[in-house]
Amino acid sequence: MTDVERGGLPVPVVWSEDCLRHEPAGEVWLGARDPGTEVPARALVLRDALAAAGAPVVAARPHGEHMLRAVHDPLLLGHLAGIWRDWEAAGLPARHGRDRVVPYVFPTPGMLAGLPMRSPAAVHGRAGRFCYDTMTLIGPGSWEAIRGAADAALTAAALVSSGARLAYALCRPPGHHATAGAYGGSCYLNNAAIAAQSLRAAGAQRVAVIDVDAHHGNGTQMIFYRRADVWYGSLHVDPGAGWFPHYAGYAGERGAGAGEGANGNLPLAPGTADDGWLAALGVLCAEARAAGADAVVVSLGLDAAAGDPESPLRVTEAGYRAAGRRIAALGPAVLVQEGGYDLASLGGLAVAALEGAAAGAHG
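Position numbers for residues start from 1 in each chain and track the written sequence from start to end. Thresholds applied to this predicted model are a pLDDT of at least 70 for local features of residues and 80 or more for the giving and counting of side-chain atom pairs; totals over whole chains, interfaces and linings are not thresholded and use all residues. Hydrogen atoms and water are omitted, and side-chain values are computed over all heavy atoms in the structure.

(A) Representation of the side chain of Gln 337 within the structure. Turning to its location among the elements, Gln 337 is positioned in strand E10 (residues 333-337). For every residue, the accessible area (1.4 Å probe, protein chains only) is compared with the maximum for its type, and the residue is labelled buried under 20%, exposed over 50%, or partly exposed between those bounds. For Gln 337, a relative accessible area of 0% puts it in the buried group. Polar contacts, as used here, are pairs of N or O atoms within 3.5 Å; protein pairs need one atom able to donate a hydrogen and one able to accept it. Residues neighboring in sequence count only if both atoms are side-chain atoms. Of the polar contacts made by the side chain of Gln 337, one reaches the backbone oxygen of Leu 300; its length is 3.1 Å. We call two residues in contact whenever any of their non-hydrogen atoms come within 4.5 Å of each other. Excluding anything up to four places from it in sequence, Gln 337 contacts Arg 42, Leu 46, Tyr 168, Ala 169, Leu 170, Cys 171, Pro 174, Leu 300 and Leu 302. Segments assigned H or I by DSSP are reported as helices when at least four residues long, segments assigned E as strands when at least two residues long, and all are numbered from the N terminus.

Here you go:
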């Protein structure tokens with residue numbers, strides 16, 4: 001009889017209390033500020049449901065910036081660490097009612113037309129240098145939460161590198177839309193990429209990142225797009241059908257340079273349910289196995305579920321349980337929390353995914 005059959009969930013849940021400190025207070029979408037769905041309650045629902053299922057909750061250990069700098073531009077790290085302080089010092093919350101950092105001008109290649117990148121003197125001008133949308137707000141506790149999420153990913157990766165078959169990083173805010181030098185999509189640092197880089201540094205020869213979030217992980221893709229040592233595969237709602245991130249996530253994106261062939265995207269039609277979703281996952285698992293990965297990172301988005309407000313996919317708890325089993329059978333795995341916004345169903349979905357992973361790892 002397995003631990004799962006006995007009623008326990010033998011997957012450590014790595015968690016930082018600091019993840020609750022990020023309160024974006026909504027998002028600016030299509031020019032209007034909406035309440036938003038990436039709220040602190042997400043983390044509490046996940047933690048409490050997994051603890052109730054018998055999973056041990058492990059405190060994230062603090063880490064330095066070495067591994068973060070191996071993934072991200074140090075200028076991005078400095079921006080995220082200091083932008084709220086500068087925003088507040090400029091009087092934008094107190095005098096102008098701008099209670100969160102929201103960019104309004106973006107130095108795109110079309111704007112600069114070859115001119116050198118500069119750092120504007122005005123903090124409100126600087127706010128858009130590293131952010132590529134208006135949805136991803138920063139407030140007084142955001143940097144601490146961002147670091148807490150990265151620490152959770154690094155702690156979970158260290159557990160797996162030290163011999164654990166599975167570990168789950170309860171990361172909030174999520175990360176897979178963050179590129180090496182930019183943030184967006186409610187993501188600031190790329191927790192899955194940081195975990196993958198940590199596994200490589202600890203001795204894994206090749207890491208497979210399998211992304212089951214409802215939206216393409218454009219950030220993870222671009223971080224590893226020209227690398228052969230990290231294979232990335234994603235199944236997600238088709239951006240060609242009008243879904244975020246709109247500009248990336250298409251089937252023809254297969255990697256470049258040394259990474260040619262080490263990237264795989266399977267865009268899915270809106271309305272895809274368990275059968276189609278799991279068939280696509282089977283293709284990705286076969287590719288990851290063929291790539292010879294000896295460690296796995298899972299971008300565990302739970303927003304592909306039926307009823308989630310942020311996606312048109314229709315995956316059930318049974319689908320997530322089957323996905324966990326299939327992915328964990330590939331090898332030692334770090335599961336990194338990404339999306340998932342329906343608070344009523346979120347806990348059950350996470351428990352199902354980790355139960356499946358535990359069965360796959362020990363079966």
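(B) Seen up close, the packing of aromatic side chains. Pairing of aromatic side chains here covers Phe, Tyr and the six-membered ring of Trp, requires ring centres within 6.5 Å, and sorts the geometry by plane angle: under 30 degrees stacked, over 60 edge-to-face, intermediate tilted. For the coordinates displayed, the defined rule picks out two aromatic pairs. A centroid spacing of 5.5 Å and a plane angle of 25 degrees characterise the contact between Tyr 183 and Tyr 188, whose relative ring orientation is stacked. The class of Tyr 188 is buried, set by a relative accessible area of 2%. Ring geometry for Trp 277 versus Tyr 320: centroids 5.0 Å apart, planes at 55 degrees, classification tilted.

(C) Seen up close, unusual backbone geometry. Note that the residue after Arg 172, namely Pro 173, is joined by a cis bond; omega there is 5 degrees. Along the chain, the position of Pro 173 falls in the loop between strand E5 (166-169) and helix H8 (191-201). Cis geometry is adopted by the peptide bond preceding Pro 245, which originates at Phe 244 and carries an omega value of 10 degrees. Mapped onto the elements of the fold, Pro 245 is located in the loop between strand E7 (230-237) and strand E8 (263-268). A positive phi angle is found at Ala 113, which is not glycine, with a value near 50 degrees.

(D) Geometry of the sheet that holds E5. Each pair of strands is called paired provided DSSP finds at least two bridges between the two strands. Spatial ordering of the open sheet is given by E4-E1-E5-E10-E9-E6-E7-E8, a layout of eight strands whose pairing is parallel. The open sheet has two edge strands with one neighbour each: strand E4 (57-59) and E8. For this sheet, the mean inter-axis angle between neighbouring strands, taken without regard to orientation, is 20 degrees. Sheet topology note: the strand E9 (residues 295-300)/E10 ladder contains five bridges and is parallel. What sits directly across from Leu 300, in E10, is Gln 337. Angles shown run from 0 to 180 degrees and are taken between the N-to-C directions of axes, each axis being a line fitted to C-alpha atoms and, for helices, limited to the stretch in contact. The strands touched by helix H12 (residues 343-362) within the sheet are strand E1 (13-15), E5, E9 and E10, with E5 carrying the most contacts at an inclination of about 160 degrees.

(E) Region of the structure containing empty space enclosed by the protein. Definitions used throughout: a 1 Å grid over protein atoms alone; a cavity as a set of points that fits a 1.4 Å probe which cannot get out; a pocket as an open set with protein on both sides within 12 Å along at least five of seven lines; a lining residue as one with an atom within 4 Å of a point. Grid points are joined across faces, edges and corners, and a volume is the space filled by probe spheres set on the points. Within this structure, the stated rule accounts for two cavities of 30 Å³ or more. Looking at the largest cavity, its volume works out to about 100 Å³. Together, 16 residues line the largest cavity, and Pro 24, Gly 26, Glu 38, Met 135 and Ser 186 are the ones closest to its centre. Each residue belonging to the lining of the largest cavity can be placed in one class, and the counts come to seven nonpolar, six polar and three charged. Computed from the structure, the second largest cavity encloses a volume of approximately 60 Å³. What lines the second largest cavity is Val 298, Leu 300, Tyr 320, Ala 323, Gly 324, Ile 327, Ala 328, Ala 333, Leu 335, Ala 353 and Ala 357. Where the lining of the second largest cavity is concerned, the elements lending two or more residues are E9, helix H11 (317-328), E10 and H12. Counting residues per element, the lining of the second largest cavity draws most heavily on H11, at five residues. In this count, Pro and Cys sit with the nonpolar residues alongside Ala, Val, Leu, Ile, Met, Phe, Trp and Tyr, while Asp, Glu, Lys and Arg are called charged and the others, Gly among them, polar.

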